[in-house]
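Structural characterization, general
Here are the chains, one letter per residue:
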Amino acid sequence: MNRTLAKKIAAEVDSRFGNFIRERINPGVLERDANGTCISEDIFAEACRLGMTPYPVTQELGGGGADQLSWGMMLDRVGYLCQDLSFPFVISLRGSVMRMIYKSKRQDLIERYLKPMIAGKRAPAFAYTDGADPFSFNTCVRETQGGYILSGKKLFTTGGYNADTFMTYARHKTDSFDDLKVFLVEKEFPGVEIVPLPMAGWRAAGISTVHFHDVFLPHDSVMVAADGLSHVQEFLNARRSILVSPVLGRMEAILEDCVKSLSHSIRYNRPLTAMQSVQAEIGKMYKLLETSRSIVYQSLEAEASGQVDPLWEPITSLAKSYATDSAIELVLIAQRLLGGAGQLKTNHYERYLRDFCGLIPGGGAQGTLDVDLGVAIISKYDM
């Protein structure tokens, strides 16, 4: 793990974005969570202007030009500073969509969508989850004069509440073929309806169901004309390590806060941190954090150097799965150690636990990833 690079990026994040996070995002976090209120689009737009959201986009278009490892390290530090994980969750997703638009090499899409997104004038979202496998999608398109008609709904669209541009996957079935296409669908198109979705965790992320009521899409809305399945596999494969990168920073912040609290709690004339049973639990928390960070950074470094299968890579699935399980275990240990203080709303632990549990179905459900990893290992040894 490149600790020198990590320290450099952490210092950059602190100097460029620290005050913004402390002054614009952290205040009001409990109220947003209690009311299910999405972080305002003004804050997300400001994050673009500061260079946070387009951090992984090429510098020639005004982005930060970061590779996968540097981007993950940046999000790690943002997660440490930011008490509302919905924020890095959404900006990382937006950055991932921006990258896919850039990789399309479509100059018309870059001009119409990507450049305004980098400037904070457009807000992208990823509209995929349909409640079925890709070739049983209820979200479908059919050809019509001048374009397509899109019908269906996307059940869980992170950041959908504030978004105005949806990278949407739809099934296109005819007598001769059955395929997925990818479209950029604008909120302003007639027939697009966004319905906020009450969630147990990530309550400020604007997770919504997006309905498409016979939406007309012109031909130039097509982003990927064929094999949208490979497109989404590439997208999700690159998302998994990035998805959990902010969680690493928040795990570190929880550990740090827990140790501080325990060191000020006196039992039998000694601080709790002097007791070996407590020390052992703190040691477990540290192992969970640093092992997760090592696996995630190893995955990010492999992706940055092009040493992964772009469609499905075991190490990225392992990183997401392990970090998710470890984050949940770490916060549960903190709650046990802190007793009543661990249940106080103002200490955030219950909210972090809900958010971490919300990662279980994200970026590939934990159970599905375990099956995929098992299949990969069986195939390897069979060969």
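Residues numbered from 1 in each chain as written. Predicted model: local features only at pLDDT ≥ 70, side-chain atom pairs only at ≥ 80, totals over all residues. Heavy atoms only, no water.

Another point: the nonpolar core. Counting residues in each nonpolar core, the largest one holds 72 residues, and the members touching the most others are I21, M52, F87, C258, M285 and F356. Counting only elements with at least two residues in this core, the list comes to α1 (3-25), α3 (41-50), α4 (68-81), α5 (86-103), α7 (228-263), α8 (276-304), α9 (314-338) and α10 (349-357). Ignoring sequence-local partners within four residues, the contact set of M285 consists of L255, C258, L330, I333, A334 and L337. (Core = buried A, V, L, I, M, F, W, Y, C linked by side-chain atoms within 4.5 Å. Buried < 20%, exposed > 50% of the residue type's maximum accessible area, 1.4 Å probe, protein only. Helix = DSSP H or I, 4+ residues; strand = E, 2+ residues; numbered from the N terminus. Contact = heavy atoms within 4.5 Å.)

This next bit is on the UniProt feature "domain: Acyl-CoA dehydrogenase/oxidase C-terminal" (unreviewed entry) in the protein chain. The residues that UniProt annotates with the feature "domain: Acyl-CoA dehydrogenase/oxidase C-terminal" (unreviewed entry) are residues 227-365. Structurally, residues 227-365 comprises 71% helix and 3% strand, and the distance from its first C-alpha atom to its last is 22 Å. (UniProt positions renumbered as here; feature names shortened; annotations may be inferred.)

Quick look at unusual backbone geometry now. Positive phi outside glycine occurs at D227, with the angle close to 55°. Residue position: D227 is located in the loop between β8 (222-224) and α7. By relative accessible area, D227 is classed as partly exposed at 39%.

Along its sequence, the protein chain is carved into domain 1 (1-121), domain 2 (123-225) and domain 3 (227-376). Measuring from the centre of the C-alpha atoms in domain 1 to the corresponding centre in domain 2 gives 24 Å. Contact with domain 1, which involves 25 residues of that partner, is made by 21 residues of domain 2. Across the interface of domain 1 and domain 2, roughly 2,200 Å² is buried in total on both sides, 66% from carbon and sulfur atoms. The largest share of the area that domain 1 buries against domain 2 comes from C38, F89 and Y113, three residues that together contribute 23% of it. Our count for the domain 1 to domain 2 interface comes out at two salt bridges. Salt-bridge contacts for D220 lead to R112; the nearest nitrogen and oxygen are separated by 3.4 Å. The set of elements that each furnish at least two residues to the side of domain 1 that touches domain 2 consists of α2 (29-35), α3, α5 and α6 (107-118). Considering every element that reaches the side of domain 1 that touches domain 2, the biggest residue donor is α5, with eight residues. The class makeup of the residues in the side of domain 1 that touches domain 2 is 13 nonpolar, four polar and eight charged. (Domains from an automatic or database assignment. Buried area = accessible area lost by both parts, 1.4 Å probe. Salt bridge = Lys/Arg side-chain N within 4 Å of Asp/Glu carboxyl O. Nonpolar A, V, L, I, M, F, W, Y, C, P; charged D, E, K, R; others polar.)

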